[in-house]
Amino acid sequence: MKPRVRLLRLLCLLAAIPALALAASDPASVARREPAESVPAKAPRTLVLAGRLDAFRAYCTTGAGAKPFAKIRADLDAKYLALSFPAEPITYGDPSPSKRDSDKADKWRAVQDQCGIVTGIAEAATLCWLVTGEEKYLTKAKEFLLGACAWHFAPDWKSGAVVGATDIYYNDEGHFRLWRKLPLIYDQIRDRLTPAEKKTVLDHFRIRGQRSAEWIEKEGAISKVTRNSIDSDLSSHPVRFMPMTGLAGLALWDDLPEAREWWAYAYKFYRDQFTPWGGDDGGWGEGNAYWRGTIEHAAFQDTLLSIGDPLAYASTFWKNSPLFCVYHVQPYLHTTFGDTSNAGHFNLEPATADYFEHLARVQQNGFFRSYAALCTDPRPPPLEKGLTGLDRTYPIAAEFLLRNFIAAEKPLPPARPLTELPPNRFFRDVGWVSLHSALGRPADDIHVTFKASPYGSFSHSHADQGAFILNAYGESLAINSAYREFHNSPHHDQWTRQTKSKNLLLLDGTGQLPKSKKSTGKITRYEEQPRYVWTTGDATTAYAAAQKDKKNVQRVTRDLVFIDSRYVVLRDRVVLATPAKLSWLLHAEKSLTWDATRSTATIVGPAGKATLTAQVIAPGIEWHTSVTDQFPVPVDPKYAKEGMNAAFITGTWHNQQHLTAETTTAAKEFTVYTVLWPERGAKPATATATLTLDGTLTLSRPDGKTDHFTLTDTALALK
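Residues numbered from 1 in each chain as written. Predicted model: local features only at pLDDT ≥ 70, side-chain atom pairs only at ≥ 80, totals over all residues. Heavy atoms only, no water.

Some words on the overall build of the protein
Item 1. Check the secondary structure of the protein and you find 22 helices and 21 strands.
Item 2. The C-alpha atoms of the protein give 27 Å as radius of gyration, which agrees with the globular expectation for 719 residues (27 Å, within 12%).
Item 3. Projecting the C-alpha coordinates of the protein onto the three principal axes gives extents of approximately 85 × 75 × 45 Å.
Item 4. Every one of the 719 residues in the protein was classed for burial, and the buried ones make up 59%.
Item 5. Sequence-distant contacts in the protein: of pairs separated by 6 or more residues, those separated by 24 or more amount to 72%.
Item 6. Of the roughly 27400 Å² of accessible surface on the protein, a fraction of 53% belongs to carbon and sulfur atoms.
Item 7. A distance of 3 Å separates the average location of the 84 positive side-chain charges in the protein from that of its 78 negative side-chain charges. (Helix = DSSP H or I, 4+ residues; strand = E, 2+ residues; numbered from the N terminus. Rg over C-alpha atoms; globule rule 2.2 N^0.38 Å. Buried < 20%, exposed > 50% of the residue type's maximum accessible area, 1.4 Å probe, protein only. Contact = heavy atoms within 4.5 Å. Areas by Shrake-Rupley, 256 points an atom, 1.4 Å probe, with all protein chains shown as cover. Lys, Arg positive; Asp, Glu negative; His and termini not counted. Charge placed at Lys NZ, Arg CZ, Asp CG, Glu CD.)

A few points about the sheet that holds strand 18 (residues 688-691)
Item 1. Taken in spatial order, the four strands of this open sheet run 18-19-20-21, and their pairing is antiparallel. In the strand order of this sheet, the two ends are held by strand 18 and strand 21 (716-718), each with one partner. Taken pair by pair, the neighbouring strands of this sheet meet at an average axis angle of 15°, ignoring direction.
Item 2. Judged from the four bridges that link them, strand 18 and strand 19 (residues 696-700) form a sheet pairing that is antiparallel. Counted as the bridge partner of L691 is L697 from strand 19. (Pairing = 2+ DSSP bridges. Axes fitted to C-alpha atoms, helices over the stretch in contact; angles between N-to-C directions.)

Re the nonpolar core
Within soluble globular proteins, side chains that are nonpolar tend to cluster in buried spots.
Item 1. Membership of the largest hydrophobic core comes to 180 residues, with the highest contact counts inside it found for F205, L470, W584 and L586.
Item 2. Per-element accounting of this core gives the leading share, 13 residues, to helix 6 (residues 102-132).
Item 3. Sequence-distant contacts of W584, that is, excluding residues within four places in its chain, are made with L504, L505, R558, D572, A614, V616, W623, L659, T660, A661, V672 and T674. (Core = buried A, V, L, I, M, F, W, Y, C linked by side-chain atoms within 4.5 Å.)

A short note on helix 6
Item 1. Taking 1.5 Å per residue, 31 residues should reach 45 Å; helix 6 reaches 44 Å between its end C-alpha atoms and fits that length.
Item 2. Buried residues dominate helix 6, accounting for 24 of its 31 residues.
Item 3. Backbone geometry just downstream of helix 6 places G133 in the positive-phi region, at approximately 75°. (Expected span 1.5 Å × (residues − 1).)

Description of the packing of aromatic side chains
Item 1. What the rule picks out here adds up to 41 aromatic pairs.
Item 2. Relative to W318, the ring of Y313 lies with its centre 5.3 Å away and its plane at 80°, an arrangement referred to as edge-to-face.
Item 3. A relative accessible area of 1% places Y313 in the buried class.
Item 4. Ring geometry for F486 against Y639: centres 6.4 Å apart, planes inclined by 40°, an arrangement best described as tilted. Note that F486 is positioned in the loop between strand 5 (475-478) and helix 20 (490-496) and Y639 in helix 22 (residues 637-640), a separation of 153 residues in sequence.
Item 5. Judged by relative accessible area, which is 3%, F486 ranks as buried. (Phe/Tyr/Trp six-rings, centres within 6.5 Å; stacked < 30°, edge-to-face > 60°.)

What about the sheet that holds strand 15 (residues 623-628)?
Item 1. Strand order in the open sheet formed by four strands is 6-11-16-15, and the pairing between neighbours is antiparallel. Since the sheet does not close on itself, it has two edges, and those belong to strand 6 (505-507) and strand 15, each with one partner. Direction aside, neighbouring strands of the sheet carry axes that sit 20° apart on average.

Side note on the packing of helix 6 against helix 7 (residues 135-148)
Item 1. One way to put it is that helix 6 packs onto helix 7 with a least axis distance of 8 Å and a crossing angle of 150°. Comparing the axis directions of helix 6 and helix 7 gives the class roughly antiparallel. Relative to helix 7, the crossing made by helix 6 is left-handed. Packed against helix 6, whose contacting residues are V118, I121, A122, A125, T126, C128, W129 and T132, the element helix 7 presents E135, Y137, L138, K140, A141, F144 and A148 at the interface.
Item 2. Of the residues that constitute the contact of helix 6 with helix 7, the class distribution is 11 nonpolar, two polar and two charged. (Parallel < 35°, antiparallel > 145°, perpendicular 65-115°, else oblique. Left-handed = near helix turned anticlockwise from the far one by under 90°. Nonpolar A, V, L, I, M, F, W, Y, C, P; charged D, E, K, R; others polar.)

As for the pairing of strand 8 (residues 532-538)
Item 1. Where burial is concerned, most of strand 8 is hidden: six out of the seven residues are buried.
Item 2. When strand 7 (residues 522-528) meets strand 8, the two strands line up antiparallel, connected through six bridges. Looking across to strand 8, one finds that R525 is bridged to T536.
Item 3. Hairpin geometry of strand 7 and strand 8 is characterised by an intervening segment of three residues between the two adjacent antiparallel strands.
Item 4. Both strand 8 and strand 9 (residues 553-563) contribute to a ladder of seven bridges, which runs antiparallel. Across the sheet, the residue bridging to G537 is R558, located in strand 9.

A closer look at the packing of helix 9 (residues 182-189) against helix 10 (residues 195-220)
Item 1. Running from amino to carboxyl end, helix 9 crosses helix 10 at an angle of 155°, the nearest separation of the two axes being 12 Å. Between helix 9 and helix 10, the interaxial angle falls into the category roughly antiparallel. Where helix 9 crosses over helix 10, the two elements pack in a sense that is left-handed. Each of L182, P183 and Y186 in helix 9 lies in contact with helix 10, whose residues at this interface are K198, V201, L202 and F205.
Item 2. A class-by-class count of the residues in the contact of helix 9 with helix 10 yields six nonpolar, no polar and one charged.

Some details on the pattern of salt bridges
Item 1. Under the definition given, this model contains 49 salt bridges.
Item 2. Of the charged contacts in the structure, one is a salt bridge between R271 and D272, with a shortest N-O distance of 2.8 Å.
Item 3. Overall, R271 belongs to the buried group, its relative accessible area being 16%.
Item 4. D559 is the partner of R525 in a salt bridge, and the nearest nitrogen-oxygen pair spans 3.7 Å. Here D559 lies in strand 9 and R525 lies in strand 7, a separation of 34 residues in the sequence. Neither residue differs from the other here; R525 and D559 are each classed as buried.
Item 5. Taken together, the salt bridges that share partners define one network made up of E123, R180, K181, E296 and E399. (Salt bridge = Lys/Arg side-chain N within 4 Å of Asp/Glu carboxyl O.)

Thoughts on the environment of V575
Item 1. Residue position: V575 is located in strand 10 (residues 567-580).
Item 2. When the C-alpha atoms of V575 and A667 are compared, they prove to be 8.9 Å apart, with 92 residues separating the residues in sequence.
Item 3. Beyond its immediate stretch of four places on either side in the chain, V575 contacts N552, V553, Q554, R555, K668 and E669.

A few points about the side chain of N342
Item 1. Along the polypeptide, N342 turns up in the loop between helix 16 (316-328) and helix 17 (350-363).
Item 2. In this structure, N342 is in contact with L333, N347, R379, F648, I649, T650 and G651, ignoring residues within four places of it in sequence.

Digging into unusual backbone geometry
Item 1. P44 follows A43 through a cis peptide bond whose omega is 0°.
Item 2. Following the sequence through the fold, P44 ends up in the loop between helix 3 (27-31) and helix 4 (53-61).
Item 3. The linkage connecting Y394 with the following residue, P395, adopts the cis geometry, with an omega of -10°.
Item 4. On the secondary structure map, P395 appears in the loop between helix 18 (366-372) and helix 19 (397-406).
Item 5. Residues other than glycine seldom take positive phi values, yet N488 does so here, at roughly 70°.

Some details on helix 13 (residues 257-273)
Item 1. Taking 1.5 Å of rise per residue, 17 residues should cover 24 Å, and helix 13 covers 24 Å from first to last C-alpha, within 8% of that figure.
Item 2. Residues of helix 13 that are buried: E258, A259, W262, W263, A264, A266, Y267, F269, Y270, R271 and Q273.

Next comes the structure, spelled out in C-alpha cells:
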C-alpha cells in the first residue's frame, strides 16, 4: 500500500473513532465542556442519527440486530398493528402516595401500563418503518403519536373521574412512560408529518415538557443537587427523570426554544452533579434494586456516545458503578438492602446481564462480560422478548436494540475471571461493605453484606444501619425481610421499612427512625489483614433519632469480622443513659430454630443447599426468645395469593421466619458477641464458642481448628 493511501486511511479511521476514545485522558476538558458543543447539526439527533439510517437498516436485516428486529416486527404485525388507539386514561381520586391503597395502586399502575403500550407500539412501528420503508408502519406510528398528543393536563380529579391522568402532577410514572419516548419518535418521523400534525405534536410537547421540567425542579430541587449528597431536597423520581428531560431537549432542538434549555439542564446535571445517590466508589444509596435505574441514566450516556461527546461514561462513577452490582447481586434469588420489586428479592436478571455485556463493550472491561455470563435467570433475555411486556417493563427490546446498535462497532473484550478482582470491597460513598469467600463462584461463595450509610432511611432505604445479610453456597440465609407490594402499603410502611424486619437490635422494642435523612449510620473502620476483614458500623445517630430523649442513646455500634473467608464474628456494643431491654433479631426465609441450651439459632436454606448457625454469647445475660412465621402486618392478600403475581416476578410472597431474643432485664450497657458459621448442605455444623473473663473468645471450629479471638474498640487479635 502506498504511503499516501495509508495516511488517508489512517485519517479516516481516526475521524470515525468516537470522541470518548480521544478525550478520555483529559478529564479537565470534559469538565469544561459546554452542552451545545457536540449537538449534531442536523436532525434526527436521537435514536438513529442523521446519516446513520443505512447502517441501522443493515444492522437490523443482516447484522447482529436482525433476530431481535424480526421478533419486534413479527409481534407488531401479529398483536398490535390492527390495535386501535385506546381511550385516554381517567383519574382515580386523590393521587397522593399516602392516600394509595391496594385498589388504587392497581388503577395507578393501569395508567402506566396503558402509556407503556402506547409508546411501545409507536416506537416499534417507527423502527419498522425506518428499516422496511413500509407505509403501514409509518401510519401506525403517526396514529399513536398524534393520539397521545391529544391527551390532557391538569385534571380536576376532585370533580370525579376525568381525563388527564397522564399529567406528571397526577401520575408521574404514567407521564414518564410517555415522555421518555414520544419526542424521540417524533425526531424520526417529523419530516412525514403535515404542518397541522406538527403543530398538534409540538403544542402538546411544549406543555408536557414544561410541566415535566417544572415538576422535576419542584419535587427534586435538581438545580441544588450535588454529587454524593442528600443535603438538598432530594427525591428519587426527579433524578430518574433527568435522562428523558435531556433527550427530549435534544430531539426537539430545532422545534421548541425550551428544548435547548432542557438539554442544557440535563447535560450540566450529568457533567457536574450526577449522582446524588453515590460517588466515585460507584455505590447507590437507594440500594441494588434502584441501582438498576442506572440503565435509564445510561440511555443519556449512550446518546452522548452516539453524538461523539467525550462526557459519555467518562466519570469515575461510571467506571465503578457496575461493581456495586458485581459485589452485591448474586445470580440466584436473595434479599438485599432497600426496596425491591421482585417479592422482596433480587438477582442478576437477564436485562442486567445484557446491560453488563453492553458496558463490557463500552468500557472494554472483561470483568463485566464474565459477570453477565453468570446469569441463570430463566426469563428470556430482553432482545428475545419482542413486544412482550410493553405494559409493565422498561426498557423494552426496541430500546436494547437501539442501544446495542450504538456500540455495535466496539468489540466485546475477552472475559476476565472475577476471581482476579479483590474478594472484598468497601463502597465508602454509600457506607456498604461486601465480603466474599469466592467472588464469581456463587455455588462456593460465602457472601456478607454490611451497611451503615450516610443516606439515612428515606426514599427507598430502610431503618437498617448496622444490619447484615448473609448468603452462602447459592442460598439466602440471614435475610432482609422486605416485601413491598406497593410503595407505602401497610406491610411496607409498618414492617419492611422498620428496624424490626432486619438482622439488628431494638432498644425497649424501638428501632431506628424510619423514613428520615436523620437516621444515618457510618462505617468507622474497614481493615483488611491476611486472616480477616474487620469493619465497624456506628448506628448511634439512627437509634437516637427515634428516641424522645435523643441523649439517651450514647452508643450503638457493631463490629463485623470475616475470618479466614469462612465465618463471621459480630460484636454489638450498646451504651444508654437510662436502662432498657435489648432485643437481638434474626430473620430467615423458611426455617429458623432456637436452642436455648446453647443460645444458638439455626437457619436452613429454602433449598437445603446451606445452613447457618448463629451462637449468641453474652455472659450474665438471660434471653427471652420467640420464633414466629407471622408478620405483625400481613402482606396484602391480593399479592400473597398464588397466581396474582405479574410475569416479571419470580419471587414468592411467603411467610418468613423471625427470631427475637430479648434480655429479661434492663441495663445501661450491653456487649453481645455472635458467631455466624455457614455450612454447605442441609446438616448444620456445630461451632462452639466461649468467652473468658479477660474478653477472649475461643471458638472450636467444625473443621477441627480452634481460634482465639480478642476484640476491643482499638485492637483485634486472632490466634
